[in-house]
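Residue-level listing of the chains:
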Amino acid sequence: MAAEEEGLIGPDETRPAPNPGHRSVPELLLGRPPMARPLPSFDHEGAPAEPGPLFVDWLATALYAGVLDPQAFTLSTVDSDGMPDARVLVLRDVDAAGTGWGFSADARSPKGRQLADHPAAALSVYWPQLGRQVRVRGIVERAADLVAGAEFATRSPAARVGALVGRQSEPLGSVAEYDEAVAVARRRLETHPDAVAPGHAVYTLWAHEVEFWQGDAGRRHIRLRYTRTGPVSSPEWSRTLLWP
């Protein structure tokens, strides 16, 4: 699974051996200016009226450029104390207008409980090779269990086994304990191929804002924010260019 990275070594470059003499983050990053590489341009004036088509175009460009795990995104939520929390998930779908952003998760996990208590979140994608990021904010809605069950059937066997294991984020005594739980879940799936993990849930983040950010080595970043002014059923979008 990919995570946010900036200015890191590309997949085709030689990675230097770890140097135990480096003991601080500034030393490790010294001489590695962010985005010091050719980056694509962004014609913000020619951007479509809705964010959906632009996201599809950027995603296709990321795939063509060989970006690793381009479907990975960071989901940020808040807990009952108002403390922020974030983790990397997999984007499942985006509707044509760019209003609904779909993902799945365990409703019993910390993120699931946080979304139940405070159904608002932020979603962010970063594609290092292109210096591009997409930021989304909005209200999150959980789909019906029937929808979740149908989505669960489309997942890989390994993903279904992992979900059937459950207990996400709970303390783990040992890796051996986890391996045994996986073996039990695998046998259950073999016996009951239609089994659905009890906590499996499908969510849609209904975007209120979607921002497209194109980085530039000279710090002349281009930021275009879409703001939804109409209801989810018939969204209308306004566009605003932002200072870097």
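Before any of the text, the structure's been laid out above.
Bear in mind the structure is a predicted one, so any value in this text is a computation, not a measurement.

A large share of strand β4 (residues 100–106) lies buried, amounting to seven of its seven residues. Going residue by residue along β4, you find Gly100, Gly102, Ser104 and Asp106 tucked away on one face and Trp101, Phe103 and Ala105 tucked away on the opposite face as well. In this structure, strand β3 (residues 93–94) lies alongside β4, joined through two bridges in antiparallel fashion. Within the sheet, the bridge partner assigned to Val94 lies in β4 and is Trp101. For β4 and strand β7 (residues 200–214), the ladder comprises seven bridges, and the chain directions are antiparallel. Counted as the bridge partner of Ala105 is Ala201 from β7.

What follows deals with the side chain of Thr99. Along the polypeptide, Thr99 turns up in the loop between β3 and β4. Among all residues touching Thr99, those that are not within four sequence positions of it are Leu205, Trp206, Ala207, Arg228, Val232, Pro235 and Trp237.

The next thing to look at is the nonpolar core. Core analysis: the largest hydrophobic core is formed by 35 residues, its most contacted members being Trp101, Phe103, Val134, Leu205, Val210 and Phe212. Elements that contribute at least two residues to this core include exactly α2 (51–64), β1 (72–78), β4, β5 (120–127), β6 (132–142), β7 and β8 (222–228). Counting residues per element, this core draws most heavily on β7, which supplies six residues. Excluding residues that lie within four positions of it along the chain, Phe103 makes contacts with Phe73, Leu75, Leu89, Val90, Arg92, Leu115, Val140, Ala201, Val202, Tyr203 and Leu205. Val161, Leu164, Val165 and Leu189 belong to the second-largest nonpolar core, a separate cluster that totals ten residues.

Our next topic: a nonpolar patch on the surface. On the surface, Val25, Leu28 and Leu29 cluster together into a nonpolar patch covering about 300 Å² of accessible area. Relative to the elements of secondary structure, Leu28 occurs in helix α1 (residues 25–29).

Our focus in this paragraph is helix α5 (residues 157–165). Among the residues of α5, those classed as buried are Arg160, Val161, Ala163, Leu164 and Val165. On its buried side, α5 packs onto α4 (145–153) and α6 (175–191). Within two residues after α5, Gly166 carries a phi angle of roughly 65°, on the positive side.

Right, let's talk about the packing of aromatic side chains for a bit. For the structure shown, the criterion picks out eight aromatic pairs. For the ring pair Phe55 and Trp101, a centre distance of 4.8 Å and an interplane angle of 70° mean the geometry is edge-to-face. With a gap of 46 residues between them, Phe55 in helix α2 and Trp101 in strand β4 connect regions that are remote in the sequence. For Phe55, a relative accessible area of 2% translates into the label buried. Residues Trp58 and Phe212 carry aromatic rings whose centres are separated by 5.2 Å and whose planes lie at 85° to one another, so their mutual orientation is edge-to-face. In this pair, Trp58 sits in helix α2 while Phe212 sits in strand β7, placing the two residues 154 residues apart along the sequence. Note on accessibility: Trp58 and Phe212 belong to one class, buried. What links up through ring pairs into an aromatic cluster is the set Phe42, Trp58, Phe212, Tyr226 and Trp237. A cation over an aromatic ring shows up here: Arg132 above the ring of Trp58, its NZ or CZ 4.1 Å from the ring centre.

Here we take up the pattern of salt bridges. Counting across every chain of the model gives eleven salt bridges. Of the charged contacts in the structure, one is a salt bridge between Arg92 and Glu151, with a shortest N-O distance of 3.6 Å. Residue Arg92 is found in the loop between β2 (84–90) and β3, and its partner Glu151 is found in helix α4; the two are separated by 59 residues along the sequence. Assessed through its relative accessible area of 41%, Arg92 is described here as partly exposed. For Glu151, a relative accessible area of 16% gives the class buried. For Glu177, the salt bridge identified is with Arg167, shortest N-O distance 4.0 Å. Here Glu177 is found in helix α6, whereas its partner Arg167 is found in the loop between α5 and α6, with ten residues between them in sequence. Under the relative-accessibility criterion, Arg167 is labelled exposed at 51%. Each of Arg92, Glu151 and Arg155 takes part in one network of salt bridges that share partners.

Cut-offs applied
- Residues numbered from 1 in each chain as written.
- Predicted model: local features only at pLDDT ≥ 70, side-chain atom pairs only at ≥ 80, totals over all residues.
- Heavy atoms only, no water.
- Buried < 20%, exposed > 50% of the residue type's maximum accessible area, 1.4 Å probe, protein only.
- Helix = DSSP H or I, 4+ residues; strand = E, 2+ residues; numbered from the N terminus.
- Pairing = 2+ DSSP bridges.
- Contact = heavy atoms within 4.5 Å.
- Core = buried A, V, L, I, M, F, W, Y, C linked by side-chain atoms within 4.5 Å.
- Patch = residues over 30% accessible without salt bridge, like charges linked within 9 Å, V, L, I, M, F, W, Y side chains within 5 Å.
- Areas by Shrake-Rupley, 256 points an atom, 1.4 Å probe, with all protein chains shown as cover.
- Salt bridge = Lys/Arg side-chain N within 4 Å of Asp/Glu carboxyl O.
- Phe/Tyr/Trp six-rings, centres within 6.5 Å; stacked < 30°, edge-to-face > 60°.
- Lys NZ or Arg CZ within 6 Å of the ring centre and 35° of its normal.

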